[in-house]
Amino acid sequence: MRVIESISEMRAVSRKARAEGNRVGFVPTMGYLHEGHLSLVRKARQMADVVVVSVFVNPIQFGPGEDLDAYPRDFERDRDLCRNERVDVCFFPCVEEMFGSDHNVYIEEARLTKVLCGATRPTHFRGVMTVVAKLFNVVEPDIAVFGRKDAQQARIIECMVKDLNFGVQVVTAPIVREPDGLAMSSRNRYLSEAERKQAVCLYNGLCLAERLYGEGEVRTGPIREGMRRLIDEEAPLSVIDYIEAVDYESLRPVERVDRETLIALAVRIGKTRLIDNTVIG
Ligand code: PAF
């Protein structure tokens, strides 16, 4: 496995691989890899000949007061995990390489970024889209794999690719969970023991939504209300940011589950903000 830190070298290696007839699969990450990331790598491996993983904690997707400095980092561990997964290239640029001091261009999206997480993190998706566009321009992948835990992010990237005519196929891969159901996330490591126990309330809320829908409830109001009650009861350390039921494509709120509906939620457990989702209908 090659570790590459420079944009020019990364681009040259990727171009050479493609010129030799290989399909390049790409998994962008912010490092501190876990099984969820590794499942994306395996998906990329199934669909491509050469797999590139980027490890870059993107400063411009963190808002003021968010956890940029505290975000967990352990490149040596990430490198070993990538090597074990037979990753071909680990792209590990520094902030100066990705964002010179005169970086002034950002990508905006006018609708999908305003709802769900975008409502309380107004510059987050602008930062995500900008860095992903830059990474696409450097790696020039045929396929890029994103996790469905960040369902809104995946939808926004799909739209960016379509609207800006990037020549990359966006693939989303299923959520990977801990044995008790908590969705894997690098941020889980912030949780204290007591918080970790209560963090499973997000998953339990989603299971309740699936059960209610399975029993015939199609009104999203009672489904969301049931989830809210369960979380409040199960997790006194939690503060709900949102529980929404939206059309999976447009992310517009829906009153009834009469199409593919994303049930998405964000909950703070202590200081840690966790997100999770499921699709019903
Ligand atoms: O999902 C993430 O880890 C990040 O948002 C991404 C896509 C790597 C961009 O920094």
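Residues numbered from 1 in each chain as written. Predicted model: local features only at pLDDT ≥ 70, side-chain atom pairs only at ≥ 80, totals over all residues. Heavy atoms only, no water.

1. Thoughts on the environment of Tyr242
Put simply, the rule is: Elements are defined by DSSP. Helices are runs of H or I of four residues or more, strands are runs of E of two residues or more, and each kind is numbered from the N terminus. For the exposure calls, accessible area comes from a 1.4 Å probe over protein chains only, and a residue counts as buried if that area is under 20% of its type's maximum, exposed if over 50%, partly exposed in between.
Within the secondary structure layout, Tyr242 lies in strand S7 (residues 238-247). Here Tyr242 falls in the buried class, since its relative accessible area comes to 8%. Along the primary structure Tyr242 and Glu5 are separated by 237 residues, whereas in three dimensions their C-alpha atoms are 38 Å apart.

2. Focus: the packing of helix H9 (residues 201-214) against helix H10 (residues 220-234)
Condition: Every axis in this analysis is a line fitted to C-alpha atoms, fitted for helices over the stretch in contact. Angles between the N-to-C directions lie between 0 and 180 degrees. The crossing is said to be left-handed when, going from far helix to near helix, the turn is anticlockwise and less than a right angle, and right-handed when the turn is clockwise. The contact definition used throughout considers only heavy atoms, calling two residues in contact when any of these lie within 4.5 Å. Here the term charged refers only to Asp, Glu, Lys and Arg, the term nonpolar to Ala, Val, Leu, Ile, Met, Phe, Trp, Tyr, Cys and Pro, and the term polar to all other amino acids, Gly among them.
The contact between H9 and H10 brings their axes to 9 Å, and the two run at 145 degrees. In this structure, H9 meets H10 at a crossing whose hand is right-handed. Residues Cys201, Asn204, Gly205, Leu206, Leu208, Ala209 and Leu212 of H9 pack against Pro222, Ile223, Gly226, Met227, Leu230, Ile231 and Glu234 of H10. In terms of residue class, the contact of H9 with H10 is made up of ten nonpolar, three polar and one charged.

3. Things to note about the nonpolar core
What counts is decided by this rule: Buried residues of nine kinds, namely Ala, Val, Leu, Ile, Met, Phe, Trp, Tyr and Cys, make up a nonpolar core once their side-chain atoms join them within 4.5 Å.
Within the largest apolar cluster, 48 residues are counted, with the highest numbers of intra-cluster contacts made by Phe91 and Phe136. In terms of residue count, helix H6 (residues 124-139) provides more of this core than any other element does, ten residues in total. Not counting residues up to four positions away in its chain, the partners in contact with Phe91 are Ile4, Glu5, Ser6, Ile7, Met10, Val52, Val53, Ser54, Val55, Met98, Leu135 and Val138. If you look at the next biggest cluster of nonpolar residues, it comprises 25 residues, including Leu191, Ala199, Ile240 and Ala245.

4. Quick notes on the site of the ligand
Where we set the bar: A single heavy atom is enough: if one lies within 4 Å of a molecule or strand, its residue is considered near that molecule or strand. In protein, a polar contact requires one atom able to donate a hydrogen and another able to accept it; more generally it is a pair of N or O atoms within 3.5 Å, and residues adjacent in sequence count only if both atoms are side-chain atoms. Using the Shrake-Rupley algorithm and a 1.4 Å probe, accessible areas are obtained, with residue cover drawn only from the displayed protein chains.
Surveying the vicinity of the ligand reveals the residues Pro28, Thr29, Met30, Asn58, Gln61, Val128, Val131, Phe146 and Gln153. A distance of 2.6 Å separates an oxygen atom of the ligand from a polar atom in the side chain of Gln61. Residue Gln153 places a side-chain N or O atom 2.7 Å away from an oxygen atom belonging to the ligand. Relative to its free-state accessible area of 280 Å², the ligand is covered by the protein chains to the extent of 89%. Contributing elements (two or more residues each) for the shell around the ligand: strand S2 (24-29) and H6.

5. Description of the sheet that holds S7
As a reminder of what qualifies: At least two bridges found by DSSP between two strands is the condition for calling them paired.
Taken together, the three strands give an open sheet; going across it, the order is S7-S8-S9, and neighbouring strands pair in antiparallel fashion. Since the sheet does not close on itself, it has two edges, and those belong to S7 and strand S9 (272-280), each with one partner. Across the sheet, the mean angle from the axis of one strand to that of its neighbour is 15 degrees, orientation sign disregarded. The pairing of strand S8 (residues 261-269) with S9 spans nine bridges and is antiparallel. By the bridge assignment for S9, Ile263 is matched with Thr278. Along the sheet, H10 makes contact with S7, S8 and S9, crossing S7 at roughly 160 degrees.

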